[in-house]
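Below, each chain spelled out in residue letters.
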Amino acid sequence: MKFCKRPFMYAYLGDKGEVWPCGWMHYTIGNLYEQDIDEIWHSEAAEKARQSITNGSFAFCRETSCPFCERGELLNLSEEEIAREAVPTELPLVVNMANDHICNIACTSCRKSVYCPEEGEREKIDGALKRFLPFANKMEEISMNGGGEFLANSSFIEFLENLRPEREDFRLGFETNGVLFDEEHWARFSHLGKYNISVTVTLNSLQREVYRYLSGGFDHMERVKKNLKFLSDLRREGKINKLNVTMVVQECNFWEVPSYIGAFTQSDEYAVDEIVMKPLYKWWKMDEETYWFKNILNPMHPYHKEYLKILADDCWKHPKVYDWGCHNIREAMPHPLKQEEIYRKLLTQIYANERGMSPTEYVKERLEKLGAKRVGFYGKNDFSQTFAKLMRKAGAEVFQLTWVPEDCCGSEFPKVAKQDFKPEMADAMIIIDFFKGGYWFSDLRALGYQGPLISVEEFVEG
């Protein structure tokens, strides 16, 4: 059976204080603004997350971004081996500190604009980091910051200045855009150089105009290249133990892949250990249309055939290249307007039905045919909300599914996170926003739901 060790020894610190058992898991086990990490680690929620691994469902895992799933690297163990491995450590041994989205640039692959923290957010982060520091000193590995730029936040720099690891085998990993990783900033935490340090610099293009576009208009490419040379010197001197570069492959830089890989494998300027080629993922509430135009792994993308030619290039075979999942072609997905076209067809069927029924009567009949009084739905777009209101008007008790816990304040419907869902909550589950909701068809079954689980098309068309 497939097995993953991460929820038993790893914690991901997300924004708003949330703690996840893995960065690729839709699951919250506690909040660092309100609890200490040891309390969170031994919580009932944490145990439930681990059960999703031991029962083989992987119900909360985001398989299309997890590198172990993308690359087929999950362990295949016997029941006896899993029983031995599935024991949580006293505290998480490995922690990814991604609990601040502050960044000095605005990469189009992860955000729409420069992030501005809410009032009081910085103070909450500072407080959480101070309480977390004594636990951090006991850990085996810490990485930062998958959510923003750690060097753009004085709180993280102060945390590093005060970090005094107790383990000689301590490991420290940095994810950075490279703009600020210079000699001056390194001096502030260089005392950690005696430990095993890895640095990953995200540099999405070596072409200036493309870099500037993908960085949200910021023109720092030459500065990043200069800092990469500084980091290469640290690598040669043994002050850092591994230096990686990452490219998020998308519609405007994929053609550059062979020359990009060549720049770091054929030059003596850079002492790069690994070149991470990462496909584009739909982070930070990227809208559907933007994702569609950027995602060249989609067979329906106009540049997809050209992308296949790049995938056939021998550059991918270089031993320094780490293919995160760029060869994993995605399900063919039409432009998001296709979903709107389907919605218009469904609305016509409801409002102009041949039997002359009112929209409410039409939906009520469908609910009765389904035998459903309590209905859960997935969808956040306007049509989803409108359709859910129509179901409620037709007499259904309606709640909205969410990936992770969300505030219900001001919401039209009660919200139920995947981790809090119980099969007995609903007589029927309807996936309305099906372009984004494909996971639910398998995940709800994995969570034990055996009732009707259908798309909105199937519901309307009977």
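Residues numbered from 1 in each chain as written. Predicted model: local features only at pLDDT ≥ 70, side-chain atom pairs only at ≥ 80, totals over all residues. Heavy atoms only, no water.

A. Highlighting the overall build of the protein chain. Scanning the protein chain for helices and strands turns up 17 helices and 17 strands. Taking 23 Å as the expected radius of gyration for a compact globule of 462 residues, we find that the protein chain reaches 24 Å, a close match to that expectation. Expressed as lengths along the three principal axes of its C-alpha atoms, the size of the protein chain is roughly 80 × 50 × 50 Å. In the protein chain, buried positions account for 55% of the 462 residues. (Helix = DSSP H or I, 4+ residues; strand = E, 2+ residues; numbered from the N terminus. Rg over C-alpha atoms; globule rule 2.2 N^0.38 Å. Buried < 20%, exposed > 50% of the residue type's maximum accessible area, 1.4 Å probe, protein only.)

B. Structural context of the sheet that holds strand β13 (residues 374-378). Taken in spatial order, the 5 strands make up an open sheet running β15-β14-β13-β16-β17, and their pairing is parallel. Bordering the open sheet on either side are β15 (415-417) and β17 (453-455), each of which pairs with just one other strand. Shown here is a sheet whose adjacent strand axes are inclined to one another by a mean of 30°, direction ignored. Summarising the sheet, β13 and strand β16 (residues 428-431) pair through 4 bridges and their orientation is parallel. Looking at the pairing, V375 lines up with A428 of β16. (Pairing = 2+ DSSP bridges. Axes fitted to C-alpha atoms, helices over the stretch in contact; angles between N-to-C directions.)

C. Representation of the packing of helix α5 (residues 121-136) against helix α6 (residues 154-162) within the structure. Their axes nearest at 10 Å, the elements α5 and α6 cross at an angle of 20°. Of the possible angle classes, the one that applies to α5 and α6 is roughly parallel. Crossing hand, α5 versus α6: right-handed. Taken together, the residues of α6 that come into contact with α5 (itself represented by R122, D126, L129, K130, F132, L133 and A136) are S154, S155, F156, E158, F159 and N162. Counted by class, the contact of α5 with α6 contains 6 nonpolar, 3 polar and 4 charged residues. (Parallel < 35°, antiparallel > 145°, perpendicular 65-115°, else oblique. Left-handed = near helix turned anticlockwise from the far one by under 90°. Contact = heavy atoms within 4.5 Å. Nonpolar A, V, L, I, M, F, W, Y, C, P; charged D, E, K, R; others polar.)

D. Molecular detail of the packing of helix α13 (residues 337-351) against helix α14 (residues 359-370). In the contact formed by α13 and α14, the axes pass within 8 Å of each other and the chain directions differ by 100°. As the angle between them shows, α13 and α14 are arranged roughly perpendicular. Contact with α13, carried on its side by Q349, I350 and Y351, involves P359, Y362 and V363 of α14 and no other residues of that element. In terms of residue class, the contact of α13 with α14 is made up of 5 nonpolar, 1 polar and no charged.

E. Examining the state of the cysteines more closely. Under the criterion given, the structure shown has 0 disulfides. Among the cysteines around C252, which has no disulfide bond, C107 carries the closest sulfur, lying 11 Å off. You can call C252 buried: its relative accessible area is 15%. (Disulfide = S-S within 2.5 Å.)

F. Region of interest: the pairing of strand β2 (residues 10-13). Side chains of β2 alternate between two faces, with Y10 and Y12 and A11 and L13 buried alike. As judged from the 4 bridges shared by β2 and strand β6 (residues 94-97), these two strands associate in the parallel manner. Residue pairing for β6: A11 is matched across the bridge by V95. As defined by bridge partners, β2 adjoins strand β3 (residues 18-20) across 2 bridges and the pair is classed as antiparallel. Considered in β3, the bridge of L13 is made with V19.

G. Summary view of the sheet that holds strand β7 (residues 141-144). Across the sheet, 10 strands lie side by side as β4-β3-β2-β6-β7-β8-β9-β10-β11-β12; this open sheet has mixed pairing. Edge positions in the open sheet fall to β4 (30-31) and β12 (321-323), since each of these has one partner strand only. Two elements, β6 and β7, share 4 bridges in a ladder whose sense is parallel. Within β7, the residue paired with V94 across the bridge is E141.

H. Main features of the pattern of salt bridges. Applying the stated criterion across every chain yields a total of 36 salt bridges. R235 is the salt-bridge partner of D273, the closest N and O atoms lying 2.8 Å from each other. With D273 in the loop between α10 (257-265) and β11 (274-279) and R235 in helix α9 (residues 221-236), the pair connects residues that are 38 residues apart, well separated along the chain. With a relative accessible area of 28%, D273 lands in the partly exposed category. Ionic pairing is found between E365 and R355, a salt bridge with its closest N-O pair at 2.7 Å. Taken together, the residues span a long stretch of sequence, with E365 in helix α14 and R355 in the loop between α13 and α14 at a distance of 10 residues. Ionic contacts of the salt-bridge type, sharing partners, join the residues E140, E141, R167, D169 and R171 into one network. (Salt bridge = Lys/Arg side-chain N within 4 Å of Asp/Glu carboxyl O.)

I. Examining unusual backbone geometry more closely. Each neighbour pair has its own omega, and for M144 with N145 the value is -5°, a cis peptide bond. The backbone phi angle of K16 is positive, close to 65°, even though this residue is not glycine. If you trace the backbone, K16 turns up in the loop between β2 and β3.

J. Highlighting the packing of aromatic side chains. Enumeration over the complete set of coordinates arrives at 30 aromatic pairs. A centroid spacing of 6.2 Å and a plane angle of 15° characterise the contact between F132 and F159, whose relative ring orientation is stacked. Highlighted residues: F132 in helix α5 and F159 in helix α6, separated in sequence by 27 residues. Of the two residues, F132 and F159, neither departs from the other in class, the shared state being buried. Residues W292 and F293 carry aromatic rings whose centres are separated by 5.2 Å and whose planes lie at 90° to one another, so their mutual orientation is edge-to-face. Chaining the aromatic ring pairs together yields one cluster made of F150, F174, F181, W186 and F189. One Lys or Arg, R50, reaches over the ring of W41 and ends 4.5 Å from the middle of that ring. For the cation-ring pair, K418 lies above W440, with the distance from its terminal atom to the ring centre recorded as 5.3 Å. (Phe/Tyr/Trp six-rings, centres within 6.5 Å; stacked < 30°, edge-to-face > 60°. Lys NZ or Arg CZ within 6 Å of the ring centre and 35° of its normal.)

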